[in-house]
Amino acid sequence: MTGLLLAVALVLPAGLIEDLYSHRLLFDDSGRPVIPVGMMQGRDRVVVEGERGLIVTVGEGAPVDVPPGTSLVVERSSGRPAKLRALWIIETLEGAARATRRNVAARWQSRGLHVDLLDVGGVYGVKGTVVDNRATLMVIPRVGDRLDEATAQVLAGHGARESPLEWLDALPSVELRAAGQRGPTVRIAGNGGSHVLVRDVEHSVGYPEHGFVDRPLRGEVVVAPDKDGKLAVVNLVDEDALVAGVLPSEMFATAPLEALKAQAVTARGELFAKIGRRHFADPHQVCSEQHCQVYKGVSAEHPRARQAADETRGELAFVGERLLESVYSACCGGHTEAADVVWDRPSQSALTGRADVPYADPMSRPSLALGIERSALAVLGKHDRQAPVIPLDVRSDAAVEALLVAPRQATWCGRSSFNQKGDAYRWTRRFMRTELDAAFADLGVGTVTRIAVDERGPGGRLRALRVEGSKATARVLRELPVRRRLGNLRSGLFVVDEERDGAGGLVAVTLRGAGFGHGAGMCQQGAIGMAEAGADYRTILRHYYVGAAVKQVF
Ligand SMILES: [Zn+2]
Ligand SMILES: [Zn+2]
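Criteria and thresholds
- Starting from 1, residues in each chain are numbered consecutively following that chain's sequence as written.
- As a convention, the first chain written is A and the first ligand written is 1, with the rest following in written order.
- Per-residue local features of the predicted model are confined to residues with pLDDT of at least 70, and side-chain atom pairs are confined, for both listing and counting, to 80 or more; whole-chain, interface and lining totals are unaffected and use all residues.
- Numbering of helices and strands starts at the N terminus; helices are DSSP runs of H or I of at least 4 residues and strands are runs of E of at least 2.
- Here a residue counts as buried when 20 or more other C-beta atoms sit within 10 Å of its C-beta, as exposed when there are 12 or fewer, and as partly exposed otherwise, the C-beta atoms being derived from the backbone.
- Once C-beta atoms are placed from the backbone, any two residues with those atoms within 7 Å are in contact.
- The predictor attaches a confidence to each residue, and that confidence, scored 0 to 100, is pLDDT.
- Note that domain bounds follow an automatic or database assignment of domains.
- Under the convention adopted here, Pro, Cys and the residues Ala, Val, Leu, Ile, Met, Phe, Trp and Tyr are nonpolar, Asp, Glu, Lys and Arg are charged, and Gly plus all remaining residues are polar.
- For two strands to count as paired, DSSP must find a minimum of two bridges between them.
- For helices, the fitted line uses only the C-alpha atoms of the stretch in contact; every axis is such a line through C-alpha atoms, and the angle between N-to-C directions lies from 0 to 180 degrees.
- Here the angle decides the label: under 35 degrees means roughly parallel, over 145 means roughly antiparallel, 65 to 115 means roughly perpendicular, and every other value means oblique.
- Note: crossing handedness is left-handed where the near helix turns anticlockwise from the far helix by less than a right angle, and right-handed where it turns clockwise.

Looking at the overall build of the protein chain
In step 1: Helices and strands together make up the secondary structure of the protein chain, namely 15 helices and 31 strands.
In step 2: A principal-axis box enclosing the C-alpha atoms of the protein chain has dimensions of 80 × 60 × 45 Å.
In step 3: Across the 554 residues of the protein chain, 43% fall into the buried class.
In step 4: When contacts within the protein chain are restricted to residue pairs at least 6 apart in sequence, long-range pairs at least 24 apart make up 69% of them.

Structure (structure tokens):
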């Protein structure tokens, strides 16, 4: 038996369903986290094979061997759905704000809304540093898929927004048949630690690539009741394998190891931020789809990704006591953007925009102090001695122009050997006026006469695009909606050049832009550029997440 199998055997079968639905972090016997990953749900029948045979445990029965070349068929004979409560979350209190929960609840009460409080998330860690992702959800009952008018007005009046939640009040159950036995769950391990092949795993539900595929999985596979009393397939994956498995879809597996290690720490951070904070009515902590992180099991593994996960084992990035919110994008184009410009959220000191250039002393700055940064700006090569070639703040059109024409060697992402082709670093897109008319037709502006960036964040990304037309002027807020309207524009960091006819009518615009992706947090191409210049992963993370520190938790 493998270590993992031994380890998970510590979870008592009688408590298995409770454990899967509890959203507590599960550990193996060596103190390593084991994450239940949802592979699929809603099945009546599941077929599993093992190239070296399977060890199958139905309920609390004795383990049964299924020989190689034989399929294990798990069939549902009956089931009882979970008791679910439909709720709206109207406010979420994180971290220190949780201490004010009674006052916050009383405030909603005084506005005429009776809220219930739900505590979610947890505190975990074994090496002194702990991850605390607890939150208190303020919830109200949900009937139908829309708020009633009066409640909607109360929320709008206080700048609050509702999001739906399914809360589990009583566990579901199934009776299933497998290997000639009946029971409430089946646990399946590959003989001698070999892979478990699950046939016809449904994937990409709701996406064009939706389909079924056979998935070889590492660790133990559990078939347990889903919330509807059907069969769910859950893979118990050790945390390193999960981090290693998602890395190749986030960064080139051929990237320098230190860049991969930086990405491994961010991937682990994203994973642990989710544990206990979602899928409240499912028998897993994360799913294997876009919603959480795409996980394809063994087929996505790469030895370098595994090495990056192993060499950062148990490490997470923190800002003070809090887990860093480790967002990243493909290429910042020379300047990262503040997260609150990209998304509707409070500003965070670790996620302010900054020039993606070498600093003389990247370690010792707890926060962005522009005066210090300006004097410390030590761009390597012969551009060093001139005035800063990359503006430290890119809020003006002139600063964006300066960024666009700066030497590529001035920035980390410009230097990345993985970034010398393609249009991730600098790009142009031309739109005929008729294309603009179509892109903004639903805003009722009529024929477009001008588009302009109304306001920018410190990293130059638009906060709003102003669209002037023959009938009206409209504003499109935030970069992603603008990028979507303009045929998936590379980024929200661009200047607009106009072409007009003799009568002054708009003929076309050309957008000259920088970067690929939202630009907040770590620049992946920049991380590669830094690693190629000899930076280690801790230096890379400190560069992109100001004030963040890597600590070992497990
Ligand atoms: Zn999910
Ligand atoms: Zn960059």
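Once you've had a look at it, read on.
What about the confidence of the model for the protein chain?
In step 1: Mean pLDDT over the protein chain works out to 89, with 92% of the residues at or above the 70 mark.
In step 2: Taken as a whole, residues 1-13 scores under 50 in pLDDT and shows 26 contacts with residues more than four places along the chain or in a different chain.
In step 3: Within the model, the stretch residues 361-387 combines pLDDT values under 50 with 39 contacts to residues more than four positions away or in other chains.

As for the domain arrangement of the protein chain
In step 1: Partitioning the protein chain into structural domains gives domain 1 (3-81 + 172-313) and domain 2 (83-170).
In step 2: Between domain 1 and domain 2, the C-alpha centre-to-centre distance is 29 Å.
In step 3: Across the contact, twelve residues belong to domain 1 and 13 residues belong to domain 2.
In step 4: Split into classes, the residues belonging to the side of domain 1 that touches domain 2 amount to seven nonpolar, two polar and three charged.

Things to note about the sheet that holds strand 8 (residues 116-120)
In step 1: The sheet built from four strands is open, its strands ordered 8-11-7-12 with antiparallel pairing. Looking along the sheet, the strands with just one partner apiece sit at the ends: strand 8 and strand 12 (163-170). In this sheet, neighbouring strand axes are inclined to one another by 45 degrees on average, regardless of whether the strands run parallel or antiparallel.
In step 2: Here strand 8 runs beside strand 11 (residues 135-141); their pairing, made up of five bridges, is antiparallel. Looking at the pairing, V120 lines up with A135 of strand 11.

Overview of unusual backbone geometry
In step 1: Its identity as a non-glycine residue notwithstanding, A179 has a phi of 50 degrees, on the positive side.
In step 2: Within the fold, A179 resides in the loop between strand 13 (173-178) and strand 14 (181-183).
In step 3: Located in the positive-phi region is D200, a residue other than glycine, with phi close to 50 degrees.
In step 4: Within the secondary structure, D200 sits in strand 16 (residues 196-203).

Focus: the packing of helix 6 (residues 257-274) against helix 15 (residues 537-544)
In step 1: Packing of helix 6 against helix 15 brings their axes to within 8 Å, and their N-to-C directions diverge by 60 degrees. On the basis of the axis angle, helix 6 is oblique to helix 15. In the crossing of helix 6 with helix 15, the sense of the turn from one axis to the other is right-handed. Listed contacts from helix 15 to E258, A259, K261, A262 and V265 of helix 6 are Y537, I540 and L541.
In step 2: Of the residues assigned to the contact of helix 6 with helix 15, the class counts are six nonpolar, no polar and two charged.

Brief notes about the pairing of strand 6 (residues 72-80)
In step 1: The pairing of strand 3 (residues 45-50) with strand 6 spans four bridges and is antiparallel. Its bridge partner being in strand 6, V47 is matched across the sheet by V73.

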